[in-house]
Amino acid sequence: VDGTNMAKTEPEELNFESTTDAARRYLDRGFSVIPLQRGGKRPVIKWAEFQTRFATDAELHEWFDGTGNNIGIVTGAISQLSVVDCDNDEAVKLARDRGIPPCLTAKTGRGFHFYFKDSGAGNFQKRADLPGIDFRGEGGYVVCPPSIHENGTQYRWWGAPDVALSNLPSWVIQ
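What you see is a predicted model; the values in this text were computed from it and never measured.

A. Molecular detail of the packing of helix α1 (residues 19-28) against helix α2 (residues 57-64). Here α1 crosses α2 at 145°, and the two axes come no closer than 9 Å. Every pair of crossing elements has a handedness; the one defined by α1 and α2 is right-handed. Between α1 and α2, the residues in contact are T19, T20, A23, R24 and L27 and D57, L60, H61 and F64, respectively. Residue composition of the contact of α1 with α2, grouped by class: four nonpolar, three polar and two charged.

B. Broad picture of helix α3 (residues 89-98). Restricting attention to buried positions, one finds in α3 the residues A91, V92 and A95. Seen along its axis, α3 keeps its buried residues to an arc of 100°; they face one direction. Opposite the buried face of α3, by more than 90 degrees, sit the exposed residues E90, K93 and D97. Buried residues along α3 sit in contact with β3 (81-86), β5 (112-117) and β6 (133-136). Two or three places before E90, at the opening of α3, N88 has a side-chain oxygen 3.1 Å from that residue's backbone nitrogen. Trailing α3 by a residue or two, G99 shows a phi angle of about 115°, which is positive.

C. Fine view of the confidence of the model for the protein. Here the protein averages 89 in pLDDT, and 91% of its residues register 70 or above. Here residues 1-12 scores under 50 on pLDDT; set against residues more than four positions off or in separate chains, the count is 34 contacts.

The rules behind the values
- Residues numbered from 1 in each chain as written.
- Predicted model: local features only at pLDDT ≥ 70, side-chain atom pairs only at ≥ 80, totals over all residues.
- Heavy atoms only, no water.
- Axes fitted to C-alpha atoms, helices over the stretch in contact; angles between N-to-C directions.
- Helix = DSSP H or I, 4+ residues; strand = E, 2+ residues; numbered from the N terminus.
- Left-handed = near helix turned anticlockwise from the far one by under 90°.
- Contact = heavy atoms within 4.5 Å.
- Nonpolar A, V, L, I, M, F, W, Y, C, P; charged D, E, K, R; others polar.
- Buried < 20%, exposed > 50% of the residue type's maximum accessible area, 1.4 Å probe, protein only.
- Arc of directions from axis to C-beta.
- Polar contact = N/O pair within 3.5 Å; in protein donor to acceptor, adjacent residues only side chain to side chain.
- pLDDT = per-residue confidence, 0-100.

Okay, here's the thing in structure tokens:
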């Protein structure tokens, strides 16, 4: 499964010199970042304040220089970002069938993250009409490249990592 209806079906490499470099690039794009446990998804800090402020350069170095920590991007208003998280091939097919426009896309350890402009909506998981699809908006975060999934797979950008954010498809938030 290629994850989207984009013509590009192979991951495009975005080489980071370090995890700190990746975090700095995300900040430069306007995304708030937080450190997550090595090989996992849980924050290693109290992260609520990063829903309203960006990390400093000193914090990036503390969190990512030689620590092996994963990177999380805070979703919602601070990053102007919402993410549709498809956890398996069936969820990706369902999302594609409902309509996923070309968008910033990351391959995860089990599926894909589709990045969109902030919708203002909160998070959801395990919605009956969208099996295998979770949503991260206000009050949420996602693991992002070059982090390592708990199964050992590296998160990677799929297609161009600098594509502009698209509007969230209306079927996601009803």
